[in-house]
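Notes for the structure review
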Amino acid sequence: MICERGNKLNPKFESLKINGRCSLQGEIKISGAKNSALVLLAASLLTKDKVYLANVPDISDIRKMKNILKSIGVKIDDNDREQMIINAENLYFGNIPHNLVNELRASFFCIGPLLSKLGHASLALPGGCNIGKRSIEEHIKGLQELGATIEEKDGFVNAKINNNRKRLKGKHIRLGCPSVGATETLVMAAVLAEGKTIISNAAREPEIQDLCEMLNKMGAKIRQAGTSKIYIEGVNYLNGCSHEVIPDRIEAGTFLIASAATLSCITISPVIPAHLNSLLQKLKESGSEIIIKNNSITIKTKKVRGVNIETAPFPGFPTDLQAPFTALMLKATGKSIIKETIFENRMNHIDLLKKMGASIRSENNIAIVSGVKKLSGRKLKGSDLRSTAAIIIAALTADNPSLVEGLEHLDRGYENFECKLKKLGADIKRDLTVNISNNSCKDDFLINDVQDIYAA
Ligand code: EPU
């Protein structure tokens, strides 16, 4: 159903040429959730049996995670496009290369399963990233409460279980903040621990429910995932299973927002509408009509009104959709206030959108957006995954063509993004940036240059 990119080149040297004033229509398929698939791959280390995972998205973060697992002895068979087979029978202790961990924070998910299966683990400390410092103190404190000894040395986290049985011990852990990653790490560490674990102030994101559902299929005893208090009764071993990754609510949300921003009508499926409640509420408030039928959502938009959003842990408005929603608000009548509360540095798109003519005042993670009649296409470079999606949405609505770089970020989390947009009618094309290299360093690269490139 979905067109795919042919030869995959290095996205650092590619850009998207986007003609503005676009209108979208039709249907697209939503891929499996990046943030579920990443943690489910780590959870597959918890059994010696095979795990069959369906609906794993073909994105660069997943390719990196596969390389990380292969570096510690895991066999992965993904010849069948429909399902990936993960076999961690010969898992061994090894230092996962620093560069692999640096490129993918989610690699730290492996610490819980490695500790439980091997009794020790050593992982490079994941650094900060473009959106914030992203501490892992809650992961570490929780693992220590379960009985692990942990030291940080020379940029590595070295963890081991000191008791003779090489088994973690269940405990009541209260998280200092409802961290998604820490909840997932501790769930994976506790399923094979001795006795009961309770995680209070747990994150409630759907990806955590997906993880617990897969672990329960493997024989774990987890109750009340999806609430802020998760109960886990440790078991002696886990078996293999088949599991299908849930649809990506953030990809779904990004397409709904793109449709609203271009005053279009599209249908997306499969989705789990309940995972998108807070976004759907805001889209309705801002003037879109939303029709939900089973696992599909149709959105029709004729006008966009300014609405305020404040990001919050699930079920609140997702931080991952803050940048795309800001791009939508550029087209609104009236003002909107956008407040980011989860990450300290997740407003990198604001300056980029301003270059297109957006009227935005921002301070301390609050942006006040006044809708404008006209956005000008530009050459722009996204600096993280969701900011790149946001500028693509703005480019679709601009009055002239744009050239968007930073596709190495986009490709981390969106499967065939521009192909799906093209299928909906967007005039968008991926190309080598090589023909504009002379212009790359110019700040004043403007619309005439883009038009020249189109003409070339
Ligand atoms: N935090 C702490 N201490 C900790 C852990 C987290 O202070 O020990 C802080 C972080 O610094 C951050 C906030 O809590 O400011 C939220 O962090 P969290 O741990 O919840 O996020 P994460 O697990 O690192 C996951 C997703 C992110 C998504 C966030 C929030 C994965 C692989 N990543 O990150 O996804 O934004 O939850 O929902 O699941 C994305 O897909 O674009 C993305 C960044």
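Please read all numbers here as calculations on a predicted model, not as lab measurements. (Residues numbered from 1 in each chain as written. Predicted model: local features only at pLDDT ≥ 70, side-chain atom pairs only at ≥ 80, totals over all residues. Heavy atoms only, no water.)

1. A word on the side chain of Ser-107
By the secondary structure assignment, Ser-107 is in the loop between helix H3 (98–103) and helix H4 (111–118). Judged by relative accessible area, which is 0%, Ser-107 ranks as buried. Engagement of the side chain of Ser-107 in a polar contact is seen with the backbone oxygen of Leu-104, the distance being 2.6 Å. If we skip the residues at most four places from it in the chain, Ser-107 touches Met-65, Ile-68, Val-101 and Leu-123. (Helix = DSSP H or I, 4+ residues; strand = E, 2+ residues; numbered from the N terminus. Buried < 20%, exposed > 50% of the residue type's maximum accessible area, 1.4 Å probe, protein only. Polar contact = N/O pair within 3.5 Å; in protein donor to acceptor, adjacent residues only side chain to side chain. Contact = heavy atoms within 4.5 Å.)

2. Focus on the packing of aromatic side chains
Taken as a whole, this structure holds 3 aromatic pairs when the rule is applied. Arranged with centres 5.2 Å apart and planes meeting at 50°, the rings of Phe-255 and Phe-417 form a pair that is tilted. Linking Phe-255 in helix H8 (residues 249–261) with Phe-417 in helix H14 (residues 417–423), this pair joins segments that are 162 residues apart in sequence. Judged by its relative accessible area of 3%, Phe-417 falls in the buried class. Ring centres of Phe-317 and Phe-325 lie 5.4 Å apart, and the angle between their planes is 75°; on these two criteria the pair is classed as edge-to-face. The two residues Phe-317 and Phe-325 agree in class, both being buried. Among the aromatic residues, ring-to-ring pairing joins Phe-255, Tyr-414 and Phe-417 into one connected group. The residue whose ring lies beneath Arg-223 is Tyr-231, and the NZ or CZ to ring-centre distance is 4.9 Å. (Phe/Tyr/Trp six-rings, centres within 6.5 Å; stacked < 30°, edge-to-face > 60°. Lys NZ or Arg CZ within 6 Å of the ring centre and 35° of its normal.)

3. Structural notes on unusual backbone geometry
With an omega of -10°, the peptide bond running from Ser-269 to Pro-270 counts as cis. Summarising the element assignment, Pro-270 is placed in the loop between strand S14 (265–269) and helix H9 (277–285). Non-glycine residue Asn-201 carries a positive phi angle of around 55°. Within the secondary structure layout, Asn-201 lies in the loop between strand S10 (196–200) and helix H7 (206–217). Overall, Asn-201 belongs to the partly exposed group, its relative accessible area being 22%.

4. Looking at the side chain of Glu-14
Here Glu-14 is to be found in strand S1 (residues 14–18). For Glu-14, a relative accessible area of 4% translates into the label buried. At a separation of 2.9 Å, a polar atom in the side chain of Glu-14 contacts the side chain of Arg-430.

5. Overview of the confidence of the model for the chain
Interpreting fine coordinate detail is not advised for predicted regions of low pLDDT. Averaged over every residue, the pLDDT of the chain is 92; residues scoring 70 or more account for 93%. Counting interchain partners and residues more than four positions distant, the pLDDT-below-50 stretch residues 435–456 has 34 contacts. (pLDDT = per-residue confidence, 0-100.)

6. Some points on the pattern of salt bridges
All told, the structure shown has 19 salt bridges when counted by the stated rule. Between Glu-194 and Arg-165 there is a salt bridge whose closest N-O contact spans 2.9 Å. Placement of the pair is Glu-194 in the loop between helix H6 (180–190) and S10 and Arg-165 in the loop between strand S8 (156–161) and strand S9 (172–174), with a sequence separation of 29 residues. By relative accessible area, which is 25% here, Glu-194 ends up partly exposed. With a closest N to O distance of 3.6 Å, Glu-285 and Lys-282 form a salt bridge. Of the two residues, Glu-285 and Lys-282 both sit in helix H9, 3 residues apart, roughly one turn of that helix. According to the relative accessible area criterion, Lys-282 is buried, its value standing at 19%. Through salt bridges that share partners, Glu-14, Asp-411, Glu-418 and Arg-430 make up one connected network. (Salt bridge = Lys/Arg side-chain N within 4 Å of Asp/Glu carboxyl O.)

7. Brief notes about the site of the ligand
Near the ligand you find 19 residues, and of these Glu-138, Ser-179, Asp-320, Ile-342 and Arg-386 are the closest. A distance of 2.8 Å is found between an oxygen atom of the ligand and a backbone nitrogen or oxygen belonging to Gly-181. Here the ligand loses 84% of its free accessible area of 830 Å² to cover by the protein chains. Broken down by secondary-structure element, the contributors of at least two residues to the shell around the ligand are helix H1 (34–43), helix H5 (137–145), H6 and helix H12 (385–397). Of the residues assigned to the shell around the ligand, the class counts are 7 nonpolar, 5 polar and 7 charged. A domain split of the shell around the ligand shows at least three residues from each of domain 1 (11–31 + 247–454) and domain 2 (34–244). (Near = heavy atom within 4 Å. Areas by Shrake-Rupley, 256 points an atom, 1.4 Å probe, with all protein chains shown as cover. Nonpolar A, V, L, I, M, F, W, Y, C, P; charged D, E, K, R; others polar. Domains from an automatic or database assignment.)

8. Regarding the environment of Arg-412
The topology assignment puts Arg-412 in helix H13 (residues 407–413). Residue Arg-412 is classed as partly exposed on the basis of its relative accessible area of 27%. Along the primary structure Arg-412 and Cys-177 are separated by 235 residues, whereas in three dimensions their C-alpha atoms are 26 Å apart. Residues contacting Arg-412, with those up to four places away along its chain left out, are Lys-34, Ile-59, Ser-60, Asp-61, Glu-103 and Leu-104. Only 2.8 Å separates the side chain of Arg-412 from the side chain of Asp-61, close enough to count as a polar contact.

9. Section: the environment of Leu-125
Note that Leu-125 resides in the loop between strand S6 (120–124) and H5. The class of Leu-125 is partly exposed, set by a relative accessible area of 26%. As for Leu-125 and Asn-102, which are separated by 23 residues in sequence, their C-alpha atoms are 8.0 Å apart. Beyond its immediate chain neighbours, meaning those up to four positions away, Leu-125 contacts Asn-102, Ile-136, Glu-152, Gly-155, Phe-156 and Val-157.

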